[in-house]
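Structural description and commentary
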Amino acid sequence: MDEVAPAIPKRWQATGLPPEVTSFVGRRHEMAEVKRLLSGARVVTLTGPGGVGKSRLALRVAADVQRAFPDGVWLVELAGLESPELLAGSVNEALAIRDVSHRPPVEVLMDHLRDKRALLILDNCEHLLRACAVLAGTLVRSAPSLRILATSRQALGIAGEQTMVVPTLPLPPPPGPGALRPFAEPPAQSEAVRLFTERATAVLPDFTLTEANRPAVEQICRRLDGIPLAIELAVVRLRALSPEELLARLDDRFRLLTSGSPATLPRQQTLRALIDWSYALCTEKEQLLWERISVFADGLDLEAAEAVCSGEGIDHEEVVDLVIGLVGKSVLIREDPPSASTATRYRLLETIRQYGREKLVASGQEGTLQRLHLDHYRRLAAEAYARRFGPLQVAWLGRLKLDHANLRTALEYSLTEAGDASTALGMAADLLYHWITSHYLREGRHWLDLSLLGGAGPDEARGRALWSNSWLAVIQADVVSAATMLEEAGKIGGRAGHEPIQGYVALYSGMIAMFRGDVDLAISLYEEAAECHRADDDPAGQALALVRLCLAHSFRGDWSRSVSAGETCIALCDAHEEGWHRAYAMMALGIGVWCQGDARRAAELEKESLRFNRSLDDLLGIGVNLEVLAWIAAAGDDHRRAARLLGILEPVWQVIGAPLSGFGHLTRYHDECEDRTREALGKQAFETLVRQGSKMRCDEAIAFALEERAPRGEPSGEAEEPSPLTRRETEIARLVAQGLSNKEIAASLTIAQRTAEGHVEHIMTKLGFHSRAQIAVWTGEHIRNADGDRPTGT
């Protein structure tokens with residue numbers, strides 16, 4: 001299996017905006033107006049019909065102003081969220097706030113943003129209007145430096161909100177006398193025509209706007225009212241039609257809707273008419289697939305399409321060709337997989353998805369497709385749980401993360417419209433490792449709590465849901481709820497004779513005992529759990545028990561037993577080619593061997609564990625690894641390193657919400673490390689080094705902890721930012737700085753001129769620039785030359 005690329009965000013939260021995959025055209029006036037509104041209002045809402053470009057405008061403005069918000073610009077995409085109760089949690093998720101405490105999500109969000117100068121983009125609020133309004137109002141009252149930019153088909157309606165109706169793109173003037181004289185200067189392109197031309201070039205690289213086709217192109221843009229999405233959908237037809245033929249067919253379709261002059265077609269119906277046309281151009285089976293795919297919340301892969309959408313008119317083997325057909329017609333958007341081990345994914349634009357959903361509802365098949373969707377993701381969750389301890393573990397966890405919105409939609413349908421709490425109970429329990437490793441712990445408790453309230457369910461399923469939920473509660477330090485759930489689970493296990501339930505009840509009861517300081521009871525319960533899981537041939541449960549035994553024995557000072565438990569766990573994991581439990585076993589063993597006096601081996605174990613936790617973006621595991629490395633450094637009198645590591649930990653624990661969550665008994669080592677380091681360095685030096693550590697970027701901090709070479713310079717907290725440009729973009733930026741035109745760049749690099757233009761546009765977008773001169777200045781200040789030195793300017 002390919003190594004998973006590090007997923008650590010830029011700092012300890014995922015600041016940033018999605019890359020633009022197509023060029024942004026025009027909107028200078030609108031951008032200026034939105035910026036003006038943001039400078040004076042706390043909440044700005046962009047309104048307008050679907051397809052007019054609200055989201056794209058918001059993202060471009062956000063990219064331009066992000067330097068004014070040092071604490072980040074955050075995009076929260078709400079189109080796939082249906083439950084208002086999950087809104088605050090979804091915003092926490094988008095901001096990478098991995099708070100594992102039991103506090104309400106809104107409270108966590110308020111605390112996090114309270115002193116932040118940040119911009120929050122709430123995209124597609126219309127279906128959650130009231131919830132978004134309440135949340136926005138709450139946040140701006142609690143965070144005085146926060147700005148919110150929302151997009152919605154209607155205003156939020158809260159005090160202090162400023163709204164701007166996003167207009168369609170400016171259109172070319174209607175042709176007048178002499179407009180087409182052969183020797184006249186070519187007219188300036190309107191923004192609508194520019195968009196048409198740029199998208200046409202992407203569809204047909206040889207397309208150019210000429211005096212011959214300009215009248216048809218301009219009339220097409222006028223017929224489409226300058227609606228960006230309508231223009232983009234129409235341009236796809238150029239694969240088969242000339243602009244003149246496209247115009248004629250547009251007029252035919254619009255005339256059918258108006259029973260007369262197409263000029264009388266209301267603007268809100270223009271996009272609908274064009275989507276109707278796209279639908280009509282699909283084969284019957286492609287139309288059927290479009291409708292069925294609309295049940296997916298946020299994209300899908302081919303396997304999901306085959307599982308959910310085949311049958312009743314579509315054979316299983318036909319799905320792949322139908323998907324290819326919908327991609328070719330620009331109904332489905334193909335997305336490149338994030339890694340070589342991940343399947344290609346597809347998605348519908350929200351306006352296109354809503355159209356398909358309307359058709360599905362009208363067909364009377366919505367409930368059937370929702371049930372098929374639920375069944376597919378129930379099977380997916382079950383298979384991921386079965387693979388939780390083995391070589392495919394990381395790949396399956398990554399797959400669940402990509403499909404989180406679909407998993408959420410399936411659970412919600414199961415608990416509401418389907419009224420099937422039993423299925424939700426098993427599915428939520430099967431997703432236990434997803435809730436923990438993908439930072440959805442709070443949401444996991446939400447679904448397990450609802451499922452447990454929804455009905456008794458089979459004894460075994462309810463018992464497993466109870467102990468699964470108790471683990472999440474223990475991590476949240478909600479030991480009272482955990483103990484209550486374990487008591488019920490224990491009764492079920494005893495009554496039904498389920499050894500696995502009894503083993504996990506013992507395991508998590510041991511964690512509660514450890515939390516309460518009863519080490520002897522904890523060890524006894526861990527040993528009972530290990531024996532139960534060994535007898536039941538459950539290596540995952542056995543590994544968890546051994547990790548906890550390793551920690552408990554080292555806490556009591558029984559170093560030999562601690563090391564024995566840790567080494568046994570690592571051997572068990574190695575036998576199954578398992579990674580996540582092994583990383584925690586190495587962390588626990590590192591503490592044991594450090595307490596024995598082998599600091600060098602301890603540091604090696606912690607670093608190896610840290611590398612894996614970095615690959616999985618397990619911030620809790622990273623935090624514990626950094627803690628132990630700080631303790632090792634302080635005990636070895638490397639107090640400057642210890643202080644920096646303690647500083648690095650500050651934002652880590654702030655994001656998680658609780659230091660050493662789930663490992664609270666280790667707090668004494670942290671306190672001893674901090675006291676020893678402060679005493680050795682003196683208060684001023686200690687605080688300076690801690691502050692430097694707290695300001696490090698993630699990549700820099702991890703490199704420092706691993707004692708690898710930092711990406712650039714010394715890890716001082718003042719280190720240079722890594723370049724936001726790719727290698728190719730960096731190469732092109734150098735050529736721009738040398739004064740080369742796009743045509744000259746294309747010739748120099750043997751690429752198409754359009755490709756060079758696209759790279760230059762992406763560079764401007766990433767850097768928030770609007771001219772090549774700005775790129776040149778930035779290149780001189782930030783990009784090293786081929787010898788690794790910065791340009792001197794001479």
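Our subject is the structure listed above.
This text gives an overview of the structure that appears in the document. Since the model is a prediction, treat every value here as computed from it, not as a measurement.

All right, on to the overall build of the protein chain then. For the protein chain, the count of helices and strands is 37 helices and eight strands. When burial is assessed residue by residue, the protein chain has 56% of its 794 residues classed as buried. Long-range pairs, those at least 24 residues apart, make up 70% of the contacts in the protein chain with a sequence separation of at least 6. In the form shown here, the protein chain has an accessible surface area of approximately 33500 Å², with 51% of it arising from carbon and sulfur atoms.

Now for empty space enclosed by the protein. Summed over the entire model, instances satisfying the criterion amount to one cavity of 30 Å³ or more. As a volume, the largest cavity reaches approximately 70 Å³. Taken together, Ala384, Tyr385, Arg387, Arg388, Gln393, Trp396, Leu397, Leu400, Asp430, Leu431, Tyr433 and His434 make up the lining of the largest cavity. A per-element tally of the lining of the largest cavity places helix H16 (residues 393-402) first, with four residues. Of the residues assigned to the lining of the largest cavity, the class counts are seven nonpolar, two polar and three charged.

To continue, consider a negative patch on the surface. On the surface, a cluster of negative charge is made up of Glu499, Glu528, Asp536 and Asp537. Tracing the backbone through its elements, the reader meets Glu528 in helix H24 (residues 519-535). The exposure class assigned to Glu528 is partly exposed, which follows from its relative accessible area of 39%.

The subject of this paragraph is the sheet that holds strand E7 (residues 332-335). The strand order across the open sheet built from three strands is E6-E8-E7, with neighbouring strands paired in antiparallel fashion. The two strands at the open ends of the sheet, each matched to only one other strand, are strand E6 (300-301) and E7. Relative to strand E8 (residues 345-348), E7 runs antiparallel, the two being bridged by four bridges. Within E8, the position partnered with Leu332 by the bridge is Leu348.

Attention now moves to the packing of helix H29 (residues 619-635) against helix H31 (residues 667-681). Where H29 meets H31, the axes come as close as 9 Å, and the angle between the chain directions of the two elements is 40°. With respect to their mutual orientation, H29 and H31 come out oblique. Regarding H29 and H31, the two cross each other, and that crossing is left-handed. Packed against H29, whose contacting residues are Glu627, Ala630, Trp631, Ala634 and Ala635, the element H31 presents Tyr669, His670, Cys673, Arg676 and Thr677 at the interface. Grouping the amino acids of the contact of H29 with H31 by side-chain chemistry returns six nonpolar, two polar and two charged.

Scoring rules and cut-offs
Residues numbered from 1 in each chain as written. Predicted model: local features only at pLDDT ≥ 70, side-chain atom pairs only at ≥ 80, totals over all residues. Heavy atoms only, no water. Helix = DSSP H or I, 4+ residues; strand = E, 2+ residues; numbered from the N terminus. Buried < 20%, exposed > 50% of the residue type's maximum accessible area, 1.4 Å probe, protein only. Contact = heavy atoms within 4.5 Å. Areas by Shrake-Rupley, 256 points an atom, 1.4 Å probe, with all protein chains shown as cover. 1 Å grid on protein atoms, 1.4 Å probe; cavity = no way out; pocket = protein on both sides within 12 Å on 5 of 7 lines; lining within 4 Å. Points joined across faces, edges and corners; volume = space filled by probe spheres on them. Nonpolar A, V, L, I, M, F, W, Y, C, P; charged D, E, K, R; others polar. Patch = residues over 30% accessible without salt bridge, like charges linked within 9 Å, V, L, I, M, F, W, Y side chains within 5 Å. Salt bridge = Lys/Arg side-chain N within 4 Å of Asp/Glu carboxyl O. Lys, Arg positive; Asp, Glu negative; His and termini not counted. Charge placed at Lys NZ, Arg CZ, Asp CG, Glu CD. Pairing = 2+ DSSP bridges. Axes fitted to C-alpha atoms, helices over the stretch in contact; angles between N-to-C directions. Parallel < 35°, antiparallel > 145°, perpendicular 65-115°, else oblique. Left-handed = near helix turned anticlockwise from the far one by under 90°.

Function cannot be inferred from these measures alone, as they are strictly geometric.
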